[in-house]
Structure formats: structure tokens, C-alpha cells
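# What the coordinates show
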Amino acid sequence: MIRKENTADENIRRLLKQFKLPGMHDRFNEEIDRAVEGNLGHRAFLQKLLEVEEASKKDRLRLKRIKEAHFEEYKMIEEFDFGFQGNVSQSKILDLATLSFLDKHENVIFIGPPGVGKSHISTGLGMKACEAGRSVLYANAIELMDYLAKCLEKGTLRQQLKRLSKVDLLIIDDLGYLKMDKEKESIFFQLIRQRYEKKSLIITTNLPFNRWDEVFTNELAAAAVLDRLLHHVHIISISGDSYRVNKKLEEAPND
Ligand code: ADP
Ligand code: MG
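Here the structure is a predicted model, which means the values were calculated and not measured.

## A few points about the overall build of the protein
- Regarding its fold elements, the protein presents eleven helices and five strands.
- Here the C-alpha atoms of the protein give a radius of gyration of 24 Å, more than 25% beyond the 18 Å that 2.2 N^0.38 yields for 255 residues.
- Taken along its principal axes, the extent of the C-alpha atoms in the protein is 75 × 60 × 35 Å.
- Taking all 255 residues of the protein together, the buried fraction comes to 40%.
- Sequence-distant contacts in the protein: of pairs separated by 6 or more residues, those separated by 24 or more amount to 80%.

Here it is in C-alpha cells:
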């Protein structure tokens, strides 16, 4: 039904804007039409209208959280082809997707070669957390540590670490390509200590645990970090072929 804008509508729009109710602002005409068609009572109509606003608010918050998470790509667990990566336990990943690990402040570590879906699944879990109203931050390990080392120089490290400690789920991607110096190692250790048994971490890496000393300055430092990380942890090892390479090979002419 096409409606001519009248003064009542203008007033309603103005008030809904003033009281910051954008969901109702965008939908009230449509809902009035539906209410008339469906012969809805006043009370039911009011309830419907408020539910429209509630859903719209939830959606706005979800989008805000996803934006603030700084994902590199938007990937969903539902888009992951478990048939291709047969050695990833689908039930284990779906269980993680219920986010009970977040409630228990547990960590998740994905270990495997490039292209097997570590970032995809981590992002998918992060998206689920955003949908569930949790705050998430996705960071590449090298970039995160460079940034925090700069914060140390500028004297803002404490403040930044405090901010990071409030994030419900911190995803540190590709820890294996980082080589820490003493300074970064100390910052990283503070980060881990802060979150220990309080907030969850997801780490992805190409390195098995017996090679984590390559990231840190020595074996002792690696052991100290692992000691905390591994206390409450889900370890997901993914072996197998790179999805990217496989797709490329499929596309390539085979003559
Ligand atoms: P990794 O972080 O392990 O290097 P990614 O998660 O970045 O790998 O995966 C590389 C690309 O392949 C991404 O675009 C990802 O979405 C896709 N991908 C990897 N594994 C799968 C899979 N099993 N099903 C669907 N897409 C996949
Ligand atoms: Mg990756």
C-alpha cells in the first residue's frame, strides 16, 4: 500500500528520531498496514512494534561488534567444508561454536600448515561470539606485537593492555611467523597473564608446540607462556592439503 506522507507520519518520524528508535522509524508504516490487515489488537500492535525495535537494536549491536573485531575476512563456520578437511572433527568445532569455552575462560589453539582453514574457523568462532553479544578482537600476531611495542615507547602500554583485557575473545592469528625480542616477549607474557582464567584466547600457528621456542627468545620463555596457555585449552591440529592450493589445481587446465 502506498501512503501519502501526512502530518501525523511526519510527527511520528520526528519523535522516533528524537528518541533514537530507528527500527520503529523505518518500519512503523509497514507494521500499521500489517496490523490493519491482520486485525491486530492495540496491545498486540504495541508489542509487535517494540519487538521490531528490539530486533533492530540487536542487529545494530551485532554489526558494531563485528566491525570492532577487525576481522580480516568475514567467514562463517557454516561455510566451512568439513568434507574437504576430513581430519577436523566437525563435532568438536560445532561444540566450540556453542561458545561454552568462552564461559569457562578456556583457550583454543589451532595448529597446522598454511591454507587448512585455521583463520577461517577462528573467524567463524569470533563471528558467533559477536552474535552472542561478546566483544571480540582479531589481530595478526606480528601486527599486534608491533603495535604494543610502539605503545610501550609512547607510554600507553598499560592503557592498551587494560583495554585488551576487557575483550571477551582475543584471536591472535599466525603466532608462528613472529620472532619476539625480549621487549615483545615481556609484553606478550603480560597479555597472557592478564587473560589467564579470566578471558579466552584463540591462537593459530603453523608451529607444533615443540617448536614454539622459535617464536620466543628461549625455551624457558616459551615454556612459561605454554604453561599458562595450555592449562585450560582445546588443541585442534589440522593437517592435510591447503584449500587454496587445491582449488587452484582444480581450476587449472590439466593438460
Ligand atoms: P589458514 O589460516 O590455515 O592458512 P585459511 O583459513 O586462511 O587458512 O584458509 C584459506 C582459504 O581457504 C580461506 O579463504 C578459507 O575460507 C578457505 N578454506 C580453507 N579450508 C576450507 C574448508 N575446509 N572449507 C571452505 N573453505 C576453506
Ligand atoms: Mg591464516
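Still to come is the rest of the account.
## Overview of the packing of helix 7 (residues 141–154) against helix 9 (residues 182–195)
- Orientation of helix 7 relative to helix 9, taken along the N-to-C sense of each, is 100°, at an axis distance of 10 Å. The angle between helix 7 and helix 9 falls in the class roughly perpendicular. Between helix 7, through Leu144, Met145, Asp146, Leu148, Ala149 and Leu152, and helix 9, the contact on the second element is made entirely by Glu183, Lys184, Ile187, Phe188 and Leu191.
- For the contact of helix 7 with helix 9, a count of residues per class yields eight nonpolar, no polar and three charged.

## Focus on empty space enclosed by the protein
- As enumerated under the stated definition, the model contains one cavity of 30 Å³ or more in all.
- For the largest cavity, the calculated volume is near 80 Å³.
- Around the largest cavity, the lining residues are His105, Asn107, Ile192, Arg195, Tyr196, Glu197, Lys199, Leu201, Arg228, Leu229 and His232.
- Of all the secondary-structure elements, those providing two or more residues to the lining of the largest cavity are helix 9 and helix 10 (219–229).
- Split into classes, the residues belonging to the lining of the largest cavity amount to four nonpolar, three polar and four charged.

## A look at helix 7
- Taking 1.5 Å of rise per residue, 14 residues should cover 20 Å, and helix 7 covers 20 Å from first to last C-alpha, within 8% of that figure.
- Within the sequence span of helix 7, burial applies to Ala141, Leu144, Met145, Leu148, Ala149 and Cys151. On an axial view of helix 7, the arc spanned by its buried residues comes to 155°, and they lie on one face. Relative to its buried face, helix 7 has exposed residues pointing more than 90 degrees away, namely Glu143, Lys150, Glu153 and Lys154.
- Residues of helix 7 that are buried in the fold lie against strand 2 (136–140), helix 8 (157–165), strand 3 (169–173) and helix 9.
- Between the side-chain oxygen at the start of helix 7 and the backbone nitrogen of Ile142 there is a gap of 3.0 Å, and the oxygen is on Asn140.
- Phi turns positive one or two residues past the end of helix 7, at Gly155, with a value near 80°.

## Concerning the pairing of strand 4 (residues 200–205)
- Burial of strand 4 is extensive: six of the six residues sit out of reach of the surface.
- Strand direction decides the pairing type here: strand 1 (residues 107–111) and strand 4, joined by four bridges, are parallel. Each bridged residue has a counterpart across the sheet, and for Phe110 the counterpart in strand 4 is Thr204.
- Viewed along the sheet, the connection from strand 3 through helix 9 into strand 4 turns out right-handed.

## Structural notes on the site of ligand 1
- For ligand 1, the set of nearby residues contains 16 residues, the closest of which are Asp81, Gly115, Lys118, Ser119 and His120.
- Between ligand 1 and the protein, one listed contact pairs a nitrogen atom with a backbone N or O atom of Asp81 at 2.8 Å.
- At 2.6 Å from an oxygen atom of ligand 1 is found a side-chain nitrogen or oxygen belonging to His120.
- Within the complex, 90% of the 550 Å² of free accessible area of ligand 1 lies under protein.
- Given that more than half its atoms are within 2 Å of the pocket grid, ligand 1 belongs to the largest pocket.
- Listing elements by their share of the shell around ligand 1, those giving two or more residues are helix 6 (118–131) and helix 11 (243–251).

## Overview of the pattern of salt bridges
- Evaluation of the coordinates by the stated rule reveals 13 salt bridges.
- Across the pair Arg34 and Glu30 runs a salt bridge, and its minimum N-O distance is 3.8 Å. Linking Arg34 with Glu30, this pair stays in helix 2 (residues 22–38), spanning four residues, or about one helical turn.
- Connected via shared salt-bridge partners are Arg27, Glu30, Glu31, Arg34 and Lys48.

Thresholds, definitions, all that
- Residues numbered from 1 in each chain as written.
- Chains lettered and ligands numbered in written order.
- Predicted model: local features only at pLDDT ≥ 70, side-chain atom pairs only at ≥ 80, totals over all residues.
- Heavy atoms only, no water.
- Helix = DSSP H or I, 4+ residues; strand = E, 2+ residues; numbered from the N terminus.
- Rg over C-alpha atoms; globule rule 2.2 N^0.38 Å.
- Buried < 20%, exposed > 50% of the residue type's maximum accessible area, 1.4 Å probe, protein only.
- Contact = heavy atoms within 4.5 Å.
- Axes fitted to C-alpha atoms, helices over the stretch in contact; angles between N-to-C directions.
- Parallel < 35°, antiparallel > 145°, perpendicular 65-115°, else oblique.
- Nonpolar A, V, L, I, M, F, W, Y, C, P; charged D, E, K, R; others polar.
- 1 Å grid on protein atoms, 1.4 Å probe; cavity = no way out; pocket = protein on both sides within 12 Å on 5 of 7 lines; lining within 4 Å.
- Points joined across faces, edges and corners; volume = space filled by probe spheres on them.
- Expected span 1.5 Å × (residues − 1).
- Arc of directions from axis to C-beta.
- Polar contact = N/O pair within 3.5 Å; in protein donor to acceptor, adjacent residues only side chain to side chain.
- Pairing = 2+ DSSP bridges.
- Right-handed = clockwise from strand over helix to strand, strands pointing away.
- Near = heavy atom within 4 Å.
- Areas by Shrake-Rupley, 256 points an atom, 1.4 Å probe, with all protein chains shown as cover.
- Sits in = over half its atoms within 2 Å of the grid points.
- Salt bridge = Lys/Arg side-chain N within 4 Å of Asp/Glu carboxyl O.

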